[in-house]
Amino acid sequence: MSIRQQVDQMANERKEQLKNQGRLLIRCEDQPGIVSAVSTFLHKNNANIIESNQYSSDPENGTFFLRIEFHLDDLNNKRQELEKQFSEIATTYSMDYRFTYGAERKKAAIFVSQEPHALVELLWEWQNGDLPMDIEVVISNHEIAREMVEALGIPYHYIPANKDIRKEVEAEQVRLMEQYDIDILILARYMQILTPEFVERFENRIINIHHSFLPAFIGARPYERAFHRGVKLIGATSHYVTNDLDEGPIIEQDIERVDHRNSIAELKKIGQQIERRVLARAVKWHLEDRVIVEGNKTIVFQ
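Cut-offs and rules
Residues numbered from 1 in each chain as written. Predicted model: local features only at pLDDT ≥ 70, side-chain atom pairs only at ≥ 80, totals over all residues. Heavy atoms only, no water. Helix = DSSP H or I, 4+ residues; strand = E, 2+ residues; numbered from the N terminus. Rg over C-alpha atoms; globule rule 2.2 N^0.38 Å. Areas by Shrake-Rupley, 256 points an atom, 1.4 Å probe, with all protein chains shown as cover. Axes fitted to C-alpha atoms, helices over the stretch in contact; angles between N-to-C directions. Parallel < 35°, antiparallel > 145°, perpendicular 65-115°, else oblique. Left-handed = near helix turned anticlockwise from the far one by under 90°. Contact = heavy atoms within 4.5 Å. Nonpolar A, V, L, I, M, F, W, Y, C, P; charged D, E, K, R; others polar. Pairing = 2+ DSSP bridges. Salt bridge = Lys/Arg side-chain N within 4 Å of Asp/Glu carboxyl O. Buried < 20%, exposed > 50% of the residue type's maximum accessible area, 1.4 Å probe, protein only. Phe/Tyr/Trp six-rings, centres within 6.5 Å; stacked < 30°, edge-to-face > 60°. Lys NZ or Arg CZ within 6 Å of the ring centre and 35° of its normal. Polar contact = N/O pair within 3.5 Å; in protein donor to acceptor, adjacent residues only side chain to side chain. Expected span 1.5 Å × (residues − 1). Arc of directions from axis to C-beta.

With respect to the overall build of the chain
The number of helices and strands found in the chain is nine helices and 13 strands. Over its C-alpha atoms the chain spans a radius of gyration of 21 Å, differing by no more than 12% from the 19 Å that the globule rule assigns to 302 residues. Projected onto the principal axes, the alpha-carbon positions of the chain cover approximately 60 × 50 × 35 Å. With the model as given, the accessible surface of the chain reaches about 15,400 Å², and the carbon-plus-sulfur share is 47%.

Encoded structure:
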């Protein structure tokens, strides 16, 4: 059995385990009775709450956020009626909400350039079942990762890119996203700036890893600048991509302590280790619907 067949078998087993599991994410004006109304609704529909997390930005005049994970027998046949009934509660409380379902795996595209460390981490986590997504395609402006990706049975598309042909490149990338019906785009050290039109098309669905602890050292060559600045901490930031370069809503960050003895090469090696784990965590939380975007920040229910 090939690695891809093993991954697909594991995914099918996981989907079977989660076929009766759903999630409900809510954002609305904070007001009394929200949790009671939602939990009562689920109880009346014979759903069992597995996990519940809530947050209020301000109990008096703030925004309320809620994530509930629930189990309901024969969920697939009941979900349409469940959503229809819930719309009445949503109207009463002016909720922005969405249901998602554990058996529905998100389809992912990974973009990468010359440094494959973040891609390798994603592929490993995908193989061992810790990233519940279907990697449909890898897109790169270099050929360096082709052999590794295709050995796993994943299509690899090499699309040369530079600022002079950016429109043509993105037109082909959009075509591939539509062909593979992609839900999430992961920039695993893809070193090309995306146009506003591309970003807007996939709002809050593009996750990037930035090789520094934002907002410090935005842009290129952060480790060199960190070294010359004599920093004592280095880190990485995973965020949703917006048209403000490296300033989109932050999903996850991490750091390591360094000192004057670390060379630029050592800083970069440490930084790449942080990048790998930060991106994998951010992607996992997105896949599990644990992230709600609020303006230029996120609510992350871990």
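Comments concerning the packing of helix α2 (residues 34-44) against helix α3 (residues 75-93)
Viewed as axis vectors pointing N to C, α2 and α3 meet at an angle of 165°, and their least axial separation amounts to 11 Å. When the interaxial angle is binned, α2 and α3 end up roughly antiparallel. In this structure, α2 crosses over α3, and the sense of that crossing is right-handed. For the pair α2 and α3, the contacting residues are I34, A37, V38 and F41 in the first and L82, Q85, F86, I89 and Y93 in the second. Its residues assigned to classes, the contact of α2 with α3 comprises eight nonpolar, one polar and no charged.

Notes on the sheet that holds strand β7 (residues 156-158)
Sheet architecture is open: seven strands sit in the order β7-β6-β5-β8-β9-β10-β11, paired in mixed fashion. Edge positions in the sheet fall to β7 and β11 (250-257), since each has one partner strand and no second. When the angles between neighbouring strand axes are averaged without regard to direction, this sheet yields 20°. Inspection of the sheet shows strand β5 (residues 106-112) paired to strand β6 (residues 133-140) by seven bridges, in the parallel sense.

So, the pattern of salt bridges
Evaluated as defined, the whole model comprises 29 salt bridges. In this structure, K107 and D181 form a salt bridge, with 3.9 Å as the shortest nitrogen-oxygen distance. With K107 in strand β5 and D181 in the loop between α6 (166-179) and β8 (184-187), the pair connects residues that are 74 residues apart, well separated along the chain. Given a relative accessible area of 47%, D181 falls into the partly exposed group. Connected through shared salt-bridge partners, E51, R67, E69, K284, E288 and R290 make up one network.

Description of the packing of aromatic side chains
Tallying each qualifying case throughout the model produces nine aromatic pairs. With a centroid separation of 5.4 Å and an interplanar angle of 80°, the aromatic rings of F111 and Y190 are classed as edge-to-face. In this pair, F111 sits in strand β5 while Y190 sits in the loop between β8 and α7 (196-201), placing the two residues 79 residues apart along the sequence. Relative accessible area serves as the criterion here: at 0%, F111 is assigned to the buried category. Through a chain of ring-to-ring contacts, three or more aromatic side chains come together here, namely F41, F70, F86, Y97 and F99. It is R79 that lies over the ring of Y101; its NZ or CZ is 3.9 Å from the centre.

Let's talk about the sheet that holds strand β2 (residues 48-56)
Taken in spatial order, the four strands make up an open sheet running β2-β3-β1-β4, and their pairing is antiparallel. Taken across any chain shown, the strands that pair with only one partner, and hence form the sheet edges, are β2 and β4 (96-101). Between one strand axis and the next, the sheet turns through 10° on average, direction left out of account. Looking at chain direction, strand β1 (residues 21-29) and strand β3 (residues 63-71) are connected through nine bridges and run antiparallel.

Observations regarding the side chain of E121
You can see E121 is positioned in helix α4 (residues 117-127). We classify E121 as buried; its relative accessible area is 14%. In this structure the side chain of E121 is engaged in a polar contact, spanning 3.1 Å, whose partner is the side chain of R276. If we ignore the near neighbours within four places in the chain, the residues touching E121 are R276 and A280.

Overview of helix α1 (residues 3-17)
Along its 15 residues, α1 runs 21 Å from first to last C-alpha, staying within 8% of the 21 Å computed at 1.5 Å per residue. For α1, the full list of buried residues reads R4, V7 and A11. Buried residues along α1 cover an arc of 60° about the axis, so they all sit on one side. Lining the buried residues of α1 we find α4 and β6.

A word on the packing of helix α8 (residues 222-229) against helix α9 (residues 264-287)
Closest axis-to-axis distance for the α8/α9 pair is 9 Å, and the angle between their directions is 125°. In terms of orientation, α8 and α9 fall into the oblique class. Both α8 and α9 take part in a crossing whose hand is right-handed. Taken together, the residues of α9 that come into contact with α8 (itself represented by Y223, E224 and F227) are I264, L267, K268, G271, Q272 and E275. Looking at the contact of α8 with α9, its residues break down into four nonpolar, two polar and three charged.

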